[in-house]
Amino acid sequence: MPNVALHNIAGENIGEIALSENVFGAEVNQYAVHEVVKAYLANQRQGTQSALTRAEVRGGGIKIYRQKGTGRARHSSNRAAIFTHGGVVFAPKPRDYRLSVNKKVKRIAMKSALTSKVNDNDIIVYDKLDIENPKTKEMVKVLNAMNVGKALIVLSDKDEIVERAARNIPGVKTTLVSTLNVYEILKYNTLILTKDSVAKIEEVYA
């Protein structure tokens, strides 16, 4: 069972917290992580790109000049791709990029991502983030105490004070356990949790 240091808001070590072996000490499955991240990024795409082919652009219908005797290449339509305002070759059209991933694979990937953060010592657990005022400088003070740069702060429940204090800090994002995803865990260098969010994660994924 992995143990990590427990900190107060001042960055002081106030003990240890035991993490669930099933969630934070699982075997890292890189294939599952790759599949989930690939699906997440694909599902962010709108798929609304569109361009006109030569069959759809305006113009054409009559041969633009005679076949022989002009010294120019043979052409039948000004809708060809080589002409200005012509159609696009293999024009992109609206499509659905969505990929689906099995629920079991998603769970394995989540456990793998959380375990990798523990293995790399890139996880910080606070007793609680009881910031008094929703001020950016308050959160900066908390992060600087632990020498944290790019970080993902995971909250058990919505906390407007913490969210407002962190939202203007470059490279820092807050999220809830209910919306936590593998891509964001891996994207940020440090994963910041509270005792409550650890308990909720273990409740969901154990």
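Scroll up to find the structure.
Along every chain, residues carry numbers that run from 1 in the direction the sequence is written. Reporting of local features is limited, given that this is a predicted model, to residues whose pLDDT is at least 70; pairs of side-chain atoms are given and counted only at 80 or more, and all residues count toward the totals for whole chains, interfaces and linings. Calculation of side-chain values draws on the structure's entire complement of heavy atoms; hydrogens and water are dropped beforehand.

A. Spatial organisation of the overall build of the protein. Going along the chain from the N terminus, every DSSP run of H or I of four or more residues is numbered as a helix, and every run of E of two or more is numbered as a strand. Helix and strand counts for the protein come out as seven helices and six strands. When its helices and strands are written in sequence order, the protein yields β-β-α-α-α-β-α-β-α-β-α-β-α. With the radius of gyration taken over C-alpha atoms, the globule rule is written as 2.2 Å times the number of residues to the power 0.38. A compact globule built from 206 residues would reach a C-alpha radius of gyration of about 17 Å, whereas the protein, at 27 Å, exceeds it by more than 25%. Dimensions of the protein, computed from the C-alpha atoms along their principal axes, are close to 90 × 40 × 25 Å. Between buried and exposed lies partly exposed: a residue is buried under 20% and exposed over 50% of the maximum accessible area for its type, with that area taken using a 1.4 Å probe on protein chains only. Relative to its full complement of 206 residues, the protein shows a buried share of 38%. Contacts: residue pairs with any heavy atoms within 4.5 Å of one another. Looking at the protein alone, contacts between residues at least 24 apart form 67% of all its contacts between residues at least 6 apart. For the protein, the computed accessible surface area is about 12,800 Å², with 48% contributed by carbon and sulfur atoms. His is not counted here, nor are the chain ends, while Lys and Arg score as positive and Asp and Glu score as negative. Charged groups are reduced to one reference atom each: NZ for lysine, CZ for arginine, CG for aspartic acid, CD for glutamic acid. In the protein, 31 side chains carry a positive charge and 21 a negative one; their mean positions are 22 Å apart. Accessibility throughout is a Shrake-Rupley quantity obtained with a 1.4 Å probe, and a residue counts as covered only by protein chains that appear here.

B. Main features of the packing of helix α3 (residues 103-119) against helix α7 (residues 195-205). Across the interface, α3 lies against α7 with an axial gap of 11 Å and an inter-helix angle of 145 degrees. Pair α3 / α7 crosses with left-handed handedness. Where α3 approaches α7, its residues R107, M110, K111 and L114 are matched on the opposing element by I201, V204 and Y205. Comment: axis = line fitted to C-alpha atoms, over the contacting stretch for helices; angle = value between 0 and 180 degrees taken between N-to-C directions. Two helices crossing with the near one rotated counterclockwise from the far one by less than a right angle form a left-handed crossing, whereas a clockwise rotation gives a right-handed crossing.

C. View of the nonpolar core. Residues F24, L114, I123, V125, V182, L193 and I201 are the most contacted members of the largest nonpolar core, which totals 31 residues. Beyond its immediate sequence surroundings of up to four residues, V182 is in contact with V33, V36, V37, A109, M110 and A113. The definition of a nonpolar core used throughout is a set of buried Ala, Val, Leu, Ile, Met, Phe, Trp, Tyr and Cys residues joined through side-chain atoms within 4.5 Å. Counting 17 residues, the second-largest nonpolar core is a separate cluster that includes L143, L155, V162 and I169.

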